[in-house]
Structure formats: structure tokens, C-alpha cells
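Coordinate inspection notes
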Amino acid sequence: MLSKKEIKLINFIKYTPILIVIFICISITFLLYIDKNIVLQKDLKILQKEYLDKNKEMIKDEVNKVYDYISHKKLNSEEELKKDIKNRVLEAHSVMTYIYEKYKNIETKEQITNRIKDSLRELKFNDNRGYFYIYSMDGYNILHPLLPNLENKNILNFKNEKVKEVFLNIKKDLEIKDESYTNLFWEKPEDLSKEYKKITFNKIFEPYNWHIGTGEYVDDFENKLKEEILDYLNSIRYSKNGYILVVDSKGTYLSHIQKTYIKANRIDLKDENGFMITKEIIKAGQIGEGFLKYVGTIKPETNLPAEKITYVKGFKDWDWAIGTGFYTDELDEQIKVKEQEFKEEYFNNLINLLVMSSILTLVFLFLSFYLSKKLQKRFYKYKQQVLTHIKKDKQKDVILANQSKMASMGEMLANIAHQWRQPLSSISTISTGLKVKLEYSDVEKQEIISSMDMISTTTKYLSQTIDDFRDYFNPNKELSNFNLKNLFINVFDLVEKQLNKNEIILIKNLQDVYINGYKNELLQVIINILNNSKDQLEKNQNQNKYIFIEIKKEENRVKLFIKDNAGGIPENIIDKIFEPYFTTKFKSKGTGIGLYMSKEIIEKHMKGEIIAYNKSFIHENISYEGAVFEITLFIELEKS
């Protein structure tokens, strides 16, 4: 028979899915009805944002294309200027060469010179700004259409140092190469108050050691370039209402879709909301770049005012503000379409939801009744199995508890035996030594007292070992603050006699460092490592035997290094030395539990780290190799 709780559980499984499906369907329908306007508004906001972001990105790209085009044209304007004046000079040079070759054998130099001057004097170019001049390399002017009174005069005799400097710079360039460009700054005939950058090109005419040249002011050439650029910008059209506008710093429109606006100053233009359109466009260009929102005076498609977002970028070299924009009223049409789509989608989703909920309700109804029958049978069978297992588990628990107690006792006895072996050996050695000396020679009182003290100290250690192992298994043992240097002094009292007997030299480098931990357990670890080093050093009969001990403080932690020169730990076992019951000694000398317990003490009880590795080193100019045990402990409390 099933209990009342089990019957309730089966009924819960049977009816809950149906109720959940019905509840979910009603809730979703209700939420869809309540939240449809909120969702619609959210969707429309997304649509609005996407529309604005997309169009902002588009107009920004268009302006950047124009900006890059103007930058490229300006960057190459000087190269175009140089190419233009060079071609002019080369043409004039060809004329001079032709005249010279034709008349050199039939006319005098003076006659040929006059022919050349007559052929070039009236040649003008670049809207009559350009002309040719000829100078001899020793400074005499041969031709100057604008200043004919300079002809046949030596420019080097002029008082005007600036004029002479320009000539000498040109001459210096031509001495290196027979043609060259020279940059200079000079007044314009129409503006003598300011110097303008001018580029000249000069070429040597070898028959008479002359040079012919011409030049052009950079800004004059750029003005021509600006006209070409503006003609191109005025022709740009994209989308239905897209065009490029350019405004200078004074408010004059240089490019616009409305031809009547071009070259008109509209600095005071403002929209119906009082927004100063032209001034804000200029301001944005002077800052660098930016978006502006205002009511445009005329939308090209309708010729009516419409809200507009414009992106403006400044071209500082020419004090231009370049911009283009889009009209936001196109968004309204998209919103109306979206609202209709959303209503249709909502209605379709509602119908689909009702259909799906009906199908799911029927499916869950069938599954619920089917599963409830299956579960009822399973519960009967499972209940019997559980009762049987509980009975068996109780018997196993009793057996495992007894086994655990025996294992813990065996482990403790093995560790006590391991820790006692060395101290008992020390007591035996001291007592045997005293007995022999008493039988065969006189023994001084002080030696007897010293030996008895050592036996007393070792005996206390044996007693302390019992307490330490009891504390090791005691979960309520207390931490204490102690000095590591003093701890090592206690260790030396216990092991130094045995080390001296085996001619092992201790080399110490100790610092006063206080830590918080289990002092006696750490003492066991250190003695265990020293005993292992001693056992290995006993095998080395043909060299000095050393154990190096160092305490090294590093910020909030301290490292203990115990190193010997016994040759190191074999590589095939170095990764196993901390495993329980792993040992390379005979059973009479060790159980393998020492290093395993040392690792447990350091890492679990002291929250530190212990590692072992081999290391080669030099001591007193002799190379050695040995094992290093490195213990890292964290300092929690420090005393001075």
C-alpha cells in the first residue's frame, strides 16, 4: 500500500502539468493584451533609432567622401601647379631653342635675342596672371613683360636685398641641376601689404647661359581649383533629397541644391523655431564636426519646409563648412506601416498560441495519466528495494566504522614509531658511549651532565611526540605565535648530536620571523626532513657532508630552505615522495608516512606549501648536487 503522501505525489504529477499549461496560456494571452501597446512603442523606438542611426551614418559617409575628395585635391594642388608652370616653361624653352637653331648661323646674338623676346613678351596664361621672364646667369634681365624697364639691367646691382636673394637662390638651384623649382614669398601687384607663397620653375638656356622661368601664386591656383571643386559638388545628388551644401565662414553659400542660394550670404537664416541655421552650420564646422537638427527651409521633393538632420564637417584650410542631411518626415510613413504589421502579427500569434495551448493540454493530459499509473507501480517496487538497502547499509556502516578506527590507530602507531626511532637511537648511543667510557677511562663530570641533559631533552621530545600526534587528530587544537629561529634552535638540540656523529656540517642562515601556526607539528616536519638528509648523507663516504638551512622573508610570507649535498632524489621517484606509504628504506627504518604527513601538516594544517626538487650549487669553490625542500608559510602576525 502507498502512503497518503505518496498518493498525493502521484496526483500532483498527474494534474500539475495540465494546470500549468492552462495557467501559462491564460497568463500569456493576458500579458499580450495588456502589453501590446508597450511592446509596440518599444518596437517603434527601435525603428526610430535604427532609421536615425542608419541615415546619420549615410550622411556622415557622404560628407566624409566629399571631405576626402577636397583634401586630396588640395594636397595635390601644388603638384598640379608645378606641373602646369613647368609645361609652360618647357613650351617657351622649345620656342627659344627653335629660334636659336634656325638663325644661329645667319644672325647675330642681339638679333636672335630680340626675336626670342618678341615671341614670348605677349604670351600670357592663367587668366593673364602668368608670364615668362629671362635672366642671364650673371644677373642681367633679358625679358620682363610686366617691368620692361628692368631689361638689360643687372639685378645684383639693385639695393633691394630681397630681390637679389631671390635671384641668388634660383641661381644656386640651377647650378646643381639645369631646371628647378623655387619657393618664395612675394607681394601681389594688387596687394602690396602682404606676402603670398609663390612657386617658380626655371630652366637654363645653354646657348646664351640664360635661364627662363615663370611662377604662380599658390592661392590664385587654389581659387581656380575651388571653382572646379564647387562645380562638382553642386552636381552631386543621392537618394530623393540628398545634396551637398558648402558655407564659408562669412555665411555665403558656395554649394546648394537651390541655384539662387549659391553665392548668397544667408548668415541670418533661421527656421520657424528661431534656430540660426547658417550660424550653427558655421559653428559646427569650426569646432570640427557635428549633427544639427532644425526645420529646413525647402525640402526638394515638396518645396515645403520639413524637419531635417544635417551632418557638418569643417575644412579648416579654406574655412568651409561641408554638410548634407536627411528629412525625418519619411520616418512617419515607416511607423504607420510598422503599426499595421505589428497588429497583424499580434493577432496571428494569439491564434497560434490558443491552438498550441489546446494541443499541449491534451498531450499533457494523456501523459499525466499514463505516467501516474507507471509511477504507482514503480513506487511499490521501489519502496521494497529501499527498505532492503537501508537494512544492508546499516550493517555496512557498523563494519566501516570499526575499520576506520583500526586504520586511524594503525596510522598513528606507524607515525609514532617513525618519529621515535631516531630519538631512541640517540639515547642508546649516548648511554652506550658513557658506559664504555666509565669502564675503560675516566669520565669528566661535565660530560656526564651534558649527556644526561641530552637524554632528558630527547625524552621530553618523545613525550611531546605523543601529545603532538594526539593533537594532529584533534580538530580543536589551538594555533600559537612563535619565532621560526627559536624553533630551529630547538630542532638543533635534538638532532645535532647525531649529525656530528656522522660528520655532517650544518650551515645556517636564520632570521627572526614570527608566524602563526602549530609549532610542534612544524618541528616534526623539519626533523623528518633533516633525518632523511642524514640518512642519504651517510651513504656518501668520499666527500664533505653538508646540510644548509635558510629562513628567507618575502613581504607577507616566509620561505624555509633545507638543502643537502647528498646527490639529490632520483628523477623516477621525485614526484612520488609525498605519497602515503611510499619509501625507499627498509621496513625497519621507515614506513613512508613521514613526508606524506609532513605535506599534510604544511598544506592542510599550516595553509602553506612544500615542494622538493634537485639543485646543483657551489660551496667553497666545489660543485655539489642535492635535494632542496622548500616550505612556504604565510605571515599573519609579526613581532619586533
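Just so you know, these numbers come straight off a predicted model, no measurement behind them. (Residues numbered from 1 in each chain as written. Predicted model: local features only at pLDDT ≥ 70, side-chain atom pairs only at ≥ 80, totals over all residues. Heavy atoms only, no water.)

1. Re the overall build of the protein
Let me state the cut-off plainly: Secondary structure follows DSSP: runs of H or I at least 4 residues long count as helices, runs of E at least 2 residues long count as strands, and numbering of each begins at the N terminus. Three exposure classes are used, based on accessible area relative to the maximum for each residue type with a 1.4 Å probe and protein chains only: buried under 20%, partly exposed in between, and exposed over 50%. Between two residues, a contact is recorded if the distance between any of their heavy atoms is within 4.5 Å. To measure how exposed things are, a 1.4 Å probe is used in the Shrake-Rupley method; for residues, cover is taken only from the protein chains shown.
Each helix and strand counted, the protein has 11 helices and 17 strands in total. A burial count over the protein gives 41% of its 640 residues as buried. Put simply, 62% of the contacts in the protein that link residues at least 6 apart link residues at least 24 apart. With an accessible surface of roughly 38,400 Å², the protein has 54% of that area assigned to carbon and sulfur atoms.

2. Considerations on helix H6 (residues 277-287)
The test is simple: To be clear, the arc concerns the directions from the helix axis to the C-beta atoms.
Within the sequence span of H6, burial applies to Ile277, Thr278, Ile281, Ile282, Ala284 and Gly285. Buried residues of H6, seen end-on, are gathered within an arc of 160° and therefore sit on one face of the element. Exposed positions of H6 whose direction lies more than 90 degrees from the buried face are Gln286 and Ile287. Each element contacted by the buried residues of H6 is listed here: strand S6 (245-248), strand S7 (253-255), strand S8 (289-299), strand S9 (304-315) and strand S10 (320-327).

3. Observations concerning helix H2 (residues 77-103)
Note the cut-off: For a helix, the expected span equals 1.5 Å multiplied by the number of residues minus one.
Its 27 residues place the ends of H2 40 Å apart at the C-alpha level, agreeing with the 39 Å of an ideal helix rising 1.5 Å per residue. Along H2, the residues classified as buried are Ser77, Leu81, Lys82, Ile85, Val89, Ala92, His93, Met96, Ile99, Tyr100 and Tyr103.

4. Topic: unusual backbone geometry
Here Asn303, not a glycine, exhibits a phi torsion of approximately 60°, which is positive. The residue Asn303 is located in the loop between S8 and S9 in this model. The backbone of Asn621 sits at a positive phi, close to 65°, despite the residue not being glycine. Secondary-structure assignment places Asn621 in the loop between strand S16 (609-619) and strand S17 (622-634). Here Asn621 falls in the exposed class, since its relative accessible area comes to 79%.

5. Some details on a nonpolar patch on the surface
Using the following cut-off: Patch criteria: residues need more than 30% relative accessible area and no salt bridge. Like-charged residues are merged within 9 Å; nonpolar side chains of Val, Leu, Ile, Met, Phe, Trp and Tyr are merged within 5 Å. The salt bridge definition used is simple: a Lys or Arg side-chain nitrogen within 4 Å of an Asp or Glu carboxyl oxygen.
Taken together, the side chains of Phe347, Ile351, Leu354, Val355, Met356, Ile359, Leu360, Val363, Phe366, Leu367 and Tyr370 present a nonpolar region at the surface, about 1,000 Å² in accessible area. Tracing the sequence through the fold places Val355 in helix H7 (residues 330-440).

6. Comments concerning the sheet that holds S9
For clarity, the cut-off: Strand pairing is defined by DSSP finding a minimum of two bridges between the two strands. Every angle, taken between N-to-C directions, lies between 0 and 180 degrees, and every axis is a line fitted to C-alpha atoms, over only the stretch in contact when it is a helix.
Reading across the sheet, the five strands line up as S7-S6-S10-S9-S8 and stay open at both edges, with antiparallel pairing between neighbours. Looking along the sheet, the strands with just one partner apiece sit at the ends: S7 and S8. This sheet shows a mean twist of 35° between the axes of neighbouring strands, independent of strand direction. Across eight bridges, S9 lies against S10 in antiparallel orientation. When the sheet's bridge partners are listed, Gly314 is paired in S10 with Ala321.

7. Here's the deal with the layout of surface pockets
By rolling a water-sized probe across the atoms, one finds the places where empty space is left. Let me state the cut-off plainly: Cavities and pockets are found on a 1 Å grid laid over the protein atoms alone: a cavity is a set of points where a 1.4 Å probe fits but cannot escape, a pocket is an open set with protein on both sides within 12 Å along at least five of seven lines, and a lining residue has an atom within 4 Å of such a point. Grid points are joined across faces, edges and corners, and a volume is the space filled by probe spheres set on the points. The classification used treats Ala, Val, Leu, Ile, Met, Phe, Trp, Tyr, Cys and Pro as nonpolar, Asp, Glu, Lys and Arg as charged, and all other residues, Gly among them, as polar.
Considering only enclosed or pocket space, the largest pocket measures out at about 840 Å³ in volume. In this structure, the largest pocket is lined by 29 residues; those nearest its centre are Tyr131, His144, Leu147, Trp186 and Lys198. Counting residues per element, the ones that place at least two in the lining of the largest pocket are strand S1 (133-136), helix H4 (161-176), strand S3 (179-188), strand S4 (191-205) and strand S5 (210-217). For the lining of the largest pocket, the element with the most residues is S5, which contributes five residues. Residue classes in the lining of the largest pocket are distributed as 17 nonpolar, five polar and seven charged.

8. Some points on a negative patch on the surface
Selection criterion: Positive charge is attributed to Lys and Arg, negative charge to Asp and Glu, and no charge count is given to His or to the chain ends. Here the site of a charge means NZ on Lys, CZ on Arg, CG on Asp, or CD on Glu.
Together, Glu79, Glu80, Glu227, Glu228 and Asp231 make up a region of like negative charge exposed at the surface. Counting only elements with at least two residues in the negative patch, the list comes to H2 and helix H5 (218-233). Broken down by element, the negative patch gets its largest block of residues, three residues, from H5. Its place among the elements puts Glu227 in helix H5.

9. Some remarks on the sheet that holds S17
Strand order in the open sheet made by the five strands is S12-S14-S15-S17-S16, with mixed pairing throughout. What marks the edges here is a single partner per strand, and that holds for strand S12 (504-509) and S16. With direction set aside, neighbouring strand axes in the sheet form an average angle of 20°. Pairing analysis gives seven bridges linking strand S15 (residues 557-564) to S17, with the strands arranged antiparallel. The residue bridging Lys563 from the neighbouring strand is Val628, located in S17.

10. Concerning the environment of Phe291
Looking at where Phe291 falls in the secondary structure, it is placed in strand S8. Taking the C-alpha atoms as reference points, Phe291 and Thr310, 19 residues apart in sequence, are found 5.6 Å from one another. Contact partners of Phe291, with chain neighbours within four places excluded, come to Lys56, Ile59, Ile309, Thr310 and Tyr311.

11. A word on the nonpolar core
For clarity, the threshold we go by: Put simply, buried Ala, Val, Leu, Ile, Met, Phe, Trp, Tyr and Cys residues joined by side-chain atoms within 4.5 Å make one nonpolar core.
Leu484, Ile515, Leu522, Ile547, Val558, Phe629 and Leu633 are the most contacted members of the largest nonpolar core, which has 46 residues in total. Of all the elements in the fold, those that place two or more residues in this core are helix H9 (484-501), S12, helix H10 (519-537), strand S14 (545-554), S15, helix H11 (593-605), S16 and S17. Sequence-distant contacts of Ile547, defined by excluding residues within four places in its chain, comprise Leu499, Ile504, Ile505, Leu506, Ile507, Leu530, Ser533, Lys534, Leu537, Ile562, Lys563 and Asp564. In terms of nonpolar packing, the next biggest core, distinct from the first, is built from 25 residues, Ile70, Leu225, Ile229 and Phe315 among them.

12. Concerning the side chain of Asp248
This is how it is decided: Under the rule applied, a polar contact is a pair of N or O atoms within 3.5 Å (in protein, one hydrogen donor and one hydrogen acceptor; residues adjacent in sequence only if both atoms are side-chain atoms).
Position of Asp248 among the secondary structure elements: in strand S6. Here Asp248 occupies a buried position and makes no salt bridge, while the nearest side chain of opposite charge, Lys250, is found at 6.6 Å. In this structure the side chain of Asp248 is engaged in a polar contact, spanning 3.0 Å, whose partner is the backbone nitrogen of Gly251. A distance of 2.8 Å separates the side chain of Asp248 from the backbone nitrogen of Thr252, its partner in a polar contact. Contacts of Asp248, omitting those with residues within four sequence positions, involve Leu254, Ile282, Asp319 and Trp320.

13. Quick word on the packing of aromatic side chains
Basically, it comes down to this: Here a pair means two rings of Phe, Tyr or Trp (six-membered ring of Trp) with centres within 6.5 Å. Their orientation is stacked below 30 degrees between planes, edge-to-face above 60, and tilted elsewhere. As a reminder, the over-ring test applies to NZ of lysine and CZ of arginine, requiring each to be within 6 Å of the ring centre and within 35 degrees of the ring normal.
In total, this model carries 23 aromatic pairs according to the counting rule given. Ring centres of Tyr546 and Phe548 lie 5.8 Å apart, and the angle between their planes is 35°; this geometry places the pair in the tilted category. For Phe548, a relative accessible area of 12% corresponds to the buried category. An aromatic cluster of three or more residues is present, and its members are Tyr67, Phe315, Trp318 and Trp320. The lysine or arginine in question, Lys508, covers the ring of Phe492, its NZ or CZ lying 4.5 Å from the ring centre. Taking the ring centre of Phe548 as reference, the NZ or CZ of Lys563 above it sits at 5.1 Å.

14. Considerations on the side chain of Glu222
Checked against the element boundaries, Glu222 lands in helix H5. Here Lys74 takes part through its side chain, which lies 3.4 Å from a polar atom of the side chain of Glu222. The contacts of Glu222, once residues within four sequence positions are left out, are Lys74, Ser77 and Trp318.

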